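Read off the chains here:
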Amino acid sequence: MARSQHDGGRWRRSATRLAAVVIAVAVPSAAHAQLGFLYDWNNSAGGAYASNGNWSPVGVPDAANEGAGFNLNSTYNVSLAASYSVGSWNVGAGNVTFDVASVPTFTPRHKFAADSFDVSSAANGSAAIRLNNAAATVTGPITIGAGALSSGQLTVSSNSTTSGNGALILGGAGQGQLDVQASAGSSFLGICCFPRQGSVGSATTIVGQSVGGSGVANIAGIWNAGDLIVGDAGQGTINMLATSQMLAGQTVRSAGILSGASASIAAQPGSVGTVNVNGATILGPSAAWSLTGNLAVGGTTLSAGGTGVLAMGLGNQTTVGGNLKMWPGGTLDLSQSSALSVTGAAELGGALRYSLLSTPVVNDEFQVLDAAGVFGTFSSVTLPPLAGNLRWSVLYNPTNVKLRVLPAAADFDEDGDVDNIDLIKWRLGFATGTTHLQGDADGDTDSDGADFLIWQQQFGATPPIATASATVPEPTSLVLGSLVVVAISGARVRRRTLAAVP
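Computed from a predicted model, the values in this text were never measured in an experiment.

Some points on the packing of aromatic side chains
Inspection of the entire model under this criterion finds 16 aromatic pairs. Judged by centre distance (6.0 Å) and plane angle (40°), the rings of F37 and Y39 are tilted. Using a relative accessible area of 1% as the deciding quantity, one classes Y39 as buried. On the basis of an interplanar angle of 70° and a centroid distance of 5.2 Å, the ring pair of F70 and F98 is categorised as edge-to-face. Here the residue F70 occupies a position in strand β5 (residues 66-70), and F98 occupies one in strand β9 (residues 94-100), the gap between them amounting to 28 residues.

Side note on unusual backbone geometry
Going from S56 to P57, the amide bond is cis rather than trans, its omega being -5°. We note that S337 has phi near 75°; this positive angle belongs to a residue other than glycine. Within the secondary structure, S337 is located in the loop between β37 (330-335) and β38 (339-342). Phi at N363 is positive, roughly 75°, even though this residue is not glycine. By the element assignment, N363 lies in the loop between β40 (351-355) and β41 (365-370).

Focus: the nonpolar core
F70, L178, W223, W289 and L369 are the most contacted members of the largest nonpolar core, which totals 80 residues. Residues in contact with W289, not counting those within four places in the same chain, are L228, L258, S259, A263, I265, V275, V277, L295, L310, Q317, T318 and T319. In terms of nonpolar packing, the next biggest core, distinct from the first, is built from eleven residues, A408, V418, A441 and W455 among them.

Calculation rules
- Residues numbered from 1 in each chain as written.
- Predicted model: local features only at pLDDT ≥ 70, side-chain atom pairs only at ≥ 80, totals over all residues.
- Heavy atoms only, no water.
- Phe/Tyr/Trp six-rings, centres within 6.5 Å; stacked < 30°, edge-to-face > 60°.
- Buried < 20%, exposed > 50% of the residue type's maximum accessible area, 1.4 Å probe, protein only.
- Helix = DSSP H or I, 4+ residues; strand = E, 2+ residues; numbered from the N terminus.
- Core = buried A, V, L, I, M, F, W, Y, C linked by side-chain atoms within 4.5 Å.
- Contact = heavy atoms within 4.5 Å.

Structure follows, in structure tokens:
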């Protein structure tokens, strides 16, 4: 019910309220019929939450059977300096910042407590809220962009936290965005510097819940997403970010951290889901995604879904505590030095893409993933081109998958070039050899004329650090054995090599 400012002040007197600001909110769907009053914020210039005049009707929502709504199409700050308990909390329009006064070091942050929290729940609505220096606790669902064609955004600043025991939905039938920020922080006891990272926690998370809905999470801070679906029936994207800021003349770096139980990327047919673990910084920390349970890409652990991508940049890491399931619609898009570790089994399918920053040489290996057991293969593999006639080989080992750089097919001595010595190796293995070192260039487990023709085509190929040109023998009507004898004697075959190009 509405009360005078004097009565409201008497209602709020409590020693415990001097240490923290608490807003307790009941579930709106169940509580609206029981609410005594619904208050709407009416001051487009912003102001104090405790001011009666900022609300319609006059009064301050501060009881479990009262609701607080923020529906002005304006940008403003609402300042809080006391504790409040309300029945419903809804941001339906505008851009509002809940700004809590700074608190001393090691003093508990001001808090919001809620049973549910909605941002832009109405169709075609647009709303954004920022939590600054606040700790929000939500026992029920948090929904950002629930209404059809709506747009909602929740920003958790570097000095704020949001935790929930229910579901966090980004993009119900509309567009929802979550930004968890980080900053350089501050120095302490003369030691510089401690980065600050905002944090978010939820029991379950759905990013892109419904057809037509889309959700985006940009994580420079810390997020425990619980059981996570990225792209349920809609489109979902998670971006792990890095920050690099100056403080007290020093560079302070941090990277996003995502954790949870299990995860599905593109759960249902027609959905699109992407997780970009790309927050590594040079000489700084790497973005990390860790799961205690299973990870499915392109579906769920039980059934195929839509188009799902797990992308990992240079030096970043993903750890799966359970099993990995790659469906036909799933893609692993990995980079050199990224680490994908699976405690359980890795059941492969879908696509693998891999990128490099360095120039590989013969016998270089790059690990794609490790697991307790590897089953199946990728249906398609896209790898960067190699210099000269070097070749890629995908090694499906019992407990890992690796990429290996193989020499040119006709480099039978595997020294990085194709020359007369390789012709000698082929001749020695002719008709008896079964391996590459014995003259098998085409992998058919024998050394024959077809392998000689490959040597002829690749003659003069050199390692990646050099570019070579050569005079290549042309086939004649002579038998292959005669050609080899001539080549070994050095009387017919000469090679002209140009200067190396850096």
